[in-house]
Amino acid sequence: MGRLKMFDTYCILYAGAKTSEEDLIWAHLSNTGHKLIFAASLAEAKEILKSRRIDLIYLQLAEGGRAASGLEEISGPYPSAPVVLVCPKATDGLILEAWRAGAADIIFPPLTPQSLDASIRRALKKRPSGELDRLAPTAARFHYLDESGKECRANIVFPRFTLGRSSANDLHLNHSGVSRFHAEIVIQDGEHVLRDMGSKYGTFVNGIQIAEAHLTDGDRVQLGSLQGTSLVFHKGDLLQTLVGRSDPNERIGLSIRGFKEFGKLFAAFRALSSIPLLDDLLALVVDTAIELTGTERGFIMLKEKNGELSFRCARNNYKRPLDGSCFQTSRRIPYEVFESNQPIVIKDLGFGDGTEKHDRTMALGLRSISCVPLRYLTVHDTGSASPVAQAETIGVLYLDSRNVGVRMPKSRINALETLASEAAMAIYNARLYKDSQDKRRMEEQLTIAREIQQALLPHPYRELEYFRACSQSLPCYEIGGDYFDYFNLENGSFGFALGDVAGKGLPAALLASLIQGIFSAQKLTDAPLAKIIGEVNRKLAQRGTGNRFVTFFFGLMDPDGKCTYVNAGHNPPLLLRREGSMQELTAGGMVLGLFSEASYEAGFVTLQPEDHLVLFTDGLVEALNAKGEEFGTDRLTLLLKTHAQSSAREILSCLQESVLSFSADTPQHDDITMMVLGYRE
Amino acid sequence: MKINMRTVGDVKILDCSGKITLGEGTMAVRNTVREILQSGGTKIALNLGDIDYIDSSGIGELVSTYTSVVNGKGQLKLLNLTKKIRQLLAITKLLTVFDVFEDEEAMLASFR
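Residues numbered from 1 in each chain as written. Chains lettered and ligands numbered in written order. Predicted model: local features only at pLDDT ≥ 70, side-chain atom pairs only at ≥ 80, totals over all residues. Heavy atoms only, no water.

1. Let's talk about the packing of helix 16 (residues 632–642) of chain A against helix 17 (residues 648–662) of chain A
Pairs of packed helices are described in terms of their axes, by the angle between the two and the distance that separates them.
All names here are of chain A.
Link 1 in the chain: Interhelical geometry of helix 16 versus helix 17 gives an angle of 140° and a closest axis separation of 11 Å. When you trace helix 16 past helix 17, the crossing you get is right-handed. Residues Arg 635, Leu 636, Leu 639 and Leu 640 of helix 16 lie in contact with helix 17, whose contacting residues are Ile 651, Cys 654, Leu 655, Ser 658 and Phe 662.
Link 2 in the chain: Split into classes, the residues belonging to the contact of helix 16 with helix 17 amount to seven nonpolar, one polar and one charged. (Axes fitted to C-alpha atoms, helices over the stretch in contact; angles between N-to-C directions. Helix = DSSP H or I, 4+ residues; strand = E, 2+ residues; numbered from the N terminus. Left-handed = near helix turned anticlockwise from the far one by under 90°. Contact = heavy atoms within 4.5 Å. Nonpolar A, V, L, I, M, F, W, Y, C, P; charged D, E, K, R; others polar.)

Following this line, the structure appears as structure tokens:
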């Protein structure tokens, strides 16, 4: 980055500087030869502006300050000098607001000598080399026709761009005479320099063989022979090209400049990797297009999935959105432009050839129409043939007026097309951005869902005087369909529940929460357990959860060791006696949620001190190892037998370890939940 | 999952093979049965002898297939349950919901 030359010195007004930064600003700006005046407030700055000529204004915004009001106040409707906003925080909203309010540049703390220098250059339109400019739309490109005669565009990338037959080149041309690595383009002092890289048949610029040449706009480059493809060099960003080409007598400079500024800002948005402002961008494109063409209304129409064009943005020539979602426009012309990819500009529908086919449009009172395709181009290197420019037309930019239009020189139609292609690119980018955002939002919601689910589950350990319960849930995805709960009943009993919703992930988790909700709403002491479960089943089945069902086990433990339970289609829990014998708890009925008239019966067992109940979901016994074998009930019962005299916690951790080591090499394919309860252990 | 349909008299037998799991094949059973019902068939049998894997979603699908057949005034019978399906239907206590046969002749006879 070149330093400012000593004679580029300006009179700079700095309003609202922070005390902490004054020294740096002062030191740097005075050392580089500028005249610096500090103003403590906006009012003071305005006084200074009245009394002397200022080249550049820095306006420091306070935290939460509004860019628009500050700018308005300091420069009024007719800015006397460009204003650089110094914003406390880099937010998209602020950048956009600053741009709308007409700021020449915007910088963010911490201020550095470099950022100050760069902002002076940018604001005073010195040779641009700041960050924004580097990111600005492509500096130069080649236009050429591919083998099938299709128009292609290759952006010349910085700092080095290579051409040749090898697919390793930036532009890959598969013609006879083209060497594998034929030529390169580098930037020297801001100029594009084309160099032959020792090619066999030479490199030509405008028909003359060269070893090295500075390229200028419109130069024709050919590789290998004068019969080969002509690459036409275009320099300057698209917007500069527009400015350069536009007729100086036409009063379109302002809008183009506005758009140019926007281009830079848009690049800045891209740099901040956020394009949240598609609507703003489209509105700007339409406004600019209306100004360019002098028409009354402008629309962006995008192709929908069904192939129809629908309105995406509708504006009038007062830079205001048009109300409504349906507008009376020509039907035929947008579709014609969309199909043919060719612009149509009709300055008087009632004059010239084919007027009769526009009768219906004329009947709407419309006289002139301009319509260009929204088209974006990307150059792909397919590795085999020459680079393929993929063009996609995503809609049209349509403008109309009730008046007879002005003559549209080719340059203006070109400008319109460029505008449309920038808009198309922006829409395309915004769509990509939205896709990735949707995905991120989904992930965020999943995380929240997991947190909620975790919060709904009780603490996995619970101890009563006569009872100890511990549980462990290992969901297969972020969240799962297994569910467990504990209940301390008023009569001193302890309730415990374990459920498994068919399926996995979010849908299963939602249903698990529903059951938990229904269950919490039941008063567990009011009715026999079997009746309560029947009621829960009916409520679930009535909600119509389709073919999703829940296997469920509910137990009620009394202090004296008597346990009443209902097993609704759940893998039978095991009553593990202290001496190692086991009993399955199977009494109950069918799974919950399928048949509303299903009935349930309760089972009864009595626990002796140091007996355990082991509950689990099918994910445990169906856990697979690398050979595709199931963990199985045999392995489970053997394991329990050897741990019959351990504590509930020990049994749980040994189950967990053993299933995890069993299936160590295979991804978990179902949620696994286990619960172990110890009676007077 | 693959479904092969044969007709024996007025009974449609769907020979199913492969997996019945979440998202895999469950729609196929449902759609085939719906088509049979729409074309006026009422006697349907699912031959599950060649199903090598079924999970709880697959069981759910069997139940909803059963429900839709019954609602369509038809009859659904299951033929040749694998050990795994039988076990799952036993645990979930859904075995009693279905009319289950090990023998095709007996199954056909039950429709008469």
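2. Some details on the pairing of strand 4 (residues 75–79) of chain B
One face of the sheet, then the other: side chains in a regular strand alternate in exactly this way.
All names here are of chain B.
Link 1 in the chain: For strand 4, the buried fraction is high: four of the five residues fall into the buried class.
Link 2 in the chain: Strand direction decides the pairing type here: strand 3 (residues 43–54) and strand 4, joined by five bridges, are parallel. Of the residues in strand 4, the one forming a bridge with Leu 46 is Leu 78.
Link 3 in the chain: Considered for its hand, the β-α-β crossover made up of strand 3, helix 2 (residues 56–71) and strand 4 is right-handed. (Buried < 20%, exposed > 50% of the residue type's maximum accessible area, 1.4 Å probe, protein only. Pairing = 2+ DSSP bridges. Right-handed = clockwise from strand over helix to strand, strands pointing away.)

3. Some words on the interface of chain A and chain B
Link 1 in the chain: With 20 residues of chain A at the contact, the number on the chain B side is 19 residues.
Link 2 in the chain: Summed over both sides, the interface of chain A with chain B buries roughly 1400 Å², with 61% coming from carbon and sulfur.
Link 3 in the chain: The tally of links from chain A across to chain B stands at two salt bridges.
Link 4 in the chain: Taking the shortest distance from any N to any O, the salt bridge between Glu 630 of chain A and Lys 84 of chain B comes out at 3.5 Å.
Link 5 in the chain: Summed over the shared surface of chain A and chain B, the result is five residue pairs in polar contact (both at pLDDT 80 or more). (Buried area = accessible area lost by both parts, 1.4 Å probe. Salt bridge = Lys/Arg side-chain N within 4 Å of Asp/Glu carboxyl O. Polar contact = N/O pair within 3.5 Å; in protein donor to acceptor, adjacent residues only side chain to side chain.)

4. Description of the pairing of strand 3 (residues 56–60) of chain A
Residue and element names in this part refer to chain A.
Link 1 in the chain: Strand 3 sits mainly inside the fold: five of its five residues count as buried.
Link 2 in the chain: Judged by which residues are buried, strand 3 turns out to be covered on both faces: Leu 56, Tyr 58 and Gln 60 on one side and Ile 57 and Leu 59 on the other are all buried.
Link 3 in the chain: Of the strand pairs in this sheet, strand 1 (residues 11–15) and strand 3 are connected by four bridges, and their pairing is parallel. Residue Ala 15 lies in a different strand from strand 3, and its bridge partner there is Leu 59.
Link 4 in the chain: The pairing of strand 3 with strand 4 (residues 83–86) spans four bridges and is parallel. What sits directly across from Gln 60, in strand 4, is Val 86.

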